[in-house]
Amino acid sequence: MTSVPCCVSITLHQHLQGESNVARWWLILALIIHLPCLKADETSPSTDVTKEEKKKHPLAGMKFRSLGPALMSGRVVGLAVHPENRARYYAAVASGGVWKTENAGVSWKPVFDGEGSYSIGCVVLDPQNSNTVWVGTGENNSQRSVGYGDGVYKSIDAGLTWKNMGLKSSEHIGKIQVHPHHSDIVYVAAQGPLWASEGDRGLYKTTGGGRTWEWVLKISENTGITDFVINPQQP
């Protein structure tokens, strides 16, 4: 570490004796600013700073790290809980993807980071096969700051891999429901683009597990569907 000649402190003390308090503070501040520029004799061993000594700096081990919820990940818009294993469930985040836990929320793993959208509207499990997960992309909260998606995704291996099943121009999926007895029958409520007309907008149905879609409810080019209910007695 660079040493400061003792004559500097002596000269400063003598000079401050005849100055006002304001001047004293200005002189102290100036000295602090210029201290790094003061060097002792280059031959002095105290100025021979090696890389190893720099590594021993008291702040060298301090690194920036995330403290958690201070970083916004959006709103949790839905949960899908495994019916036979309550410790396993999925969380859909409006602007933070899809997360999965195997220990009732003690730890989480992102399972949707490699797909085409970070904004999620809903997540549901197939009642007949809990390894089949459906995700509707695009936040379903219509507001000023909103993320949009690229359709409906399906996983048949509990979130390990995903396939886009279409409705890519829906941008905002409000709800997905799988038929309680037939896995290939799925209904999707699509809001459509928020700031434009057209797009995939309305209520859609597939009888082929998402291979094709039928537009079963169309209101107008400017009106989408956010929610719907299936009659459990006559789905």
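How each quantity is defined
- Residues numbered from 1 in each chain as written.
- Predicted model: local features only at pLDDT ≥ 70, side-chain atom pairs only at ≥ 80, totals over all residues.
- Heavy atoms only, no water.
- pLDDT = per-residue confidence, 0-100.
- Contact = heavy atoms within 4.5 Å.
- Pairing = 2+ DSSP bridges.
- Helix = DSSP H or I, 4+ residues; strand = E, 2+ residues; numbered from the N terminus.
- Phe/Tyr/Trp six-rings, centres within 6.5 Å; stacked < 30°, edge-to-face > 60°.
- Buried < 20%, exposed > 50% of the residue type's maximum accessible area, 1.4 Å probe, protein only.
- Axes fitted to C-alpha atoms, helices over the stretch in contact; angles between N-to-C directions.
- Core = buried A, V, L, I, M, F, W, Y, C linked by side-chain atoms within 4.5 Å.
- Salt bridge = Lys/Arg side-chain N within 4 Å of Asp/Glu carboxyl O.
- Patch = residues over 30% accessible without salt bridge, like charges linked within 9 Å, V, L, I, M, F, W, Y side chains within 5 Å.
- Areas by Shrake-Rupley, 256 points an atom, 1.4 Å probe, with all protein chains shown as cover.
- Polar contact = N/O pair within 3.5 Å; in protein donor to acceptor, adjacent residues only side chain to side chain.

Caption draft 1: A look at the confidence of the model for the protein. Mean pLDDT over the protein stands at 82; residues scoring 70 or higher make up 72%. Of the regions scoring below 50 in pLDDT, residues 1-19 engages in 19 contacts with residues more than four places distant in sequence or in other chains. Of the regions scoring below 50 in pLDDT, residues 37-46 engages in 13 contacts with residues more than four places distant in sequence or in other chains.

Caption draft 2: Structural detail: the sheet that holds strand β8 (residues 163-164). Taken in spatial order, the four strands of this open sheet run β5-β6-β7-β8, and their pairing is antiparallel. Strand pairing shows two members of the sheet lacking a second neighbour, β5 (120-126) and β8, which therefore form its edges. Judged from the two bridges that link them, strand β7 (residues 152-155) and β8 form a sheet pairing that is antiparallel. Across the sheet, the residue bridging to Lys154 is Lys163, located in β8.

Caption draft 3: Just the packing of aromatic side chains, in detail. Scanning the entire structure with this criterion turns up six aromatic pairs. Ring centres of Phe112 and Tyr153 lie 5.0 Å apart, and the angle between their planes is 80°; on these two criteria the pair is classed as edge-to-face. Of the two residues, Phe112 is situated in the loop between β4 (109-110) and β5 and Tyr153 in strand β7; the sequence distance between them amounts to 41 residues. Taken as a pair, Phe112 and Tyr153 share a single burial class, namely buried.

Caption draft 4: View of the sheet that holds strand β12 (residues 214-217). In space, the four strands of this open sheet follow the order β9-β10-β11-β12, with antiparallel pairing throughout. A single partner strand is all that each edge strand has here, and the edge strands are β9 (173-178) and β12. In this sheet, adjacent strand axes meet at a mean angle of 25° when their direction is disregarded. Relative to strand β11 (residues 202-206), strand β10 (residues 186-190) runs antiparallel, the two sharing five bridges. Each bridged residue has a counterpart across the sheet, and for Ala189 the counterpart in β11 is Leu203.

Caption draft 5: Looking closely at the nonpolar core. With 14 residues, the main nonpolar core has Tyr90, Val98, Phe112, Val123, Val133, Val135 and Trp162 as its most contacted residues. In this structure Val135 touches Val98, Phe112, Ile120, Cys122, Val123, Gly151, Val152, Tyr153, Trp162 and Ile176, once residues within four positions along its chain are discounted. With 13 residues, the next largest nonpolar core counts Val152, Val186, Val188 and Tyr204 among its residues.

Caption draft 6: Summary view of the pattern of salt bridges. The tally for this structure, following the rule as stated, stands at four salt bridges. Linking Lys100 and Glu102 is a salt bridge whose minimum nitrogen-to-oxygen distance equals 3.3 Å. Judged by its relative accessible area of 13%, Lys100 falls in the buried class. Taking the relative accessible area as the measure of exposure, Glu102 reaches 42% and is therefore partly exposed. The network of salt bridges with common partners includes Arg88, Lys100 and Glu102.

Caption draft 7: Looking closely at a nonpolar patch on the surface. A cluster of nonpolar side chains, namely Val76, Leu79 and Val81, defines an oily patch on the protein surface of about 270 Å² accessible area. Positionally, Val81 belongs in strand β1 (residues 76-81). According to the relative accessible area criterion, Val81 is partly exposed, its value standing at 34%.

Caption draft 8: Seen up close, unusual backbone geometry. The phi dihedral of Ala104 falls on the positive side, at around 60°, and the residue is not glycine. Tracing the chain through its elements places Ala104 in the loop between β3 (97-101) and β4. Judged by its relative accessible area of 45%, Ala104 is partly exposed. The phi dihedral of Glu198 is positive, around 65°, even though this residue is not glycine. With respect to the secondary-structure elements, Glu198 resides in the loop between β10 and β11. Assessed through its relative accessible area of 47%, Glu198 is described here as partly exposed.

Caption draft 9: Region of the structure containing the side chain of His172. Relative to the helices and strands, His172 is located in the loop between β8 and β9. Of note is the side chain of His172, whose polar atom sits 2.7 Å from the backbone oxygen of Glu139. His172 has contacts with Thr137, Gly138, Glu139, Val146, Gly147, Tyr148, Ala189, Ala190, Gln191, Gly192, Pro193 and Leu194, leaving out every residue within four places of it along the chain.

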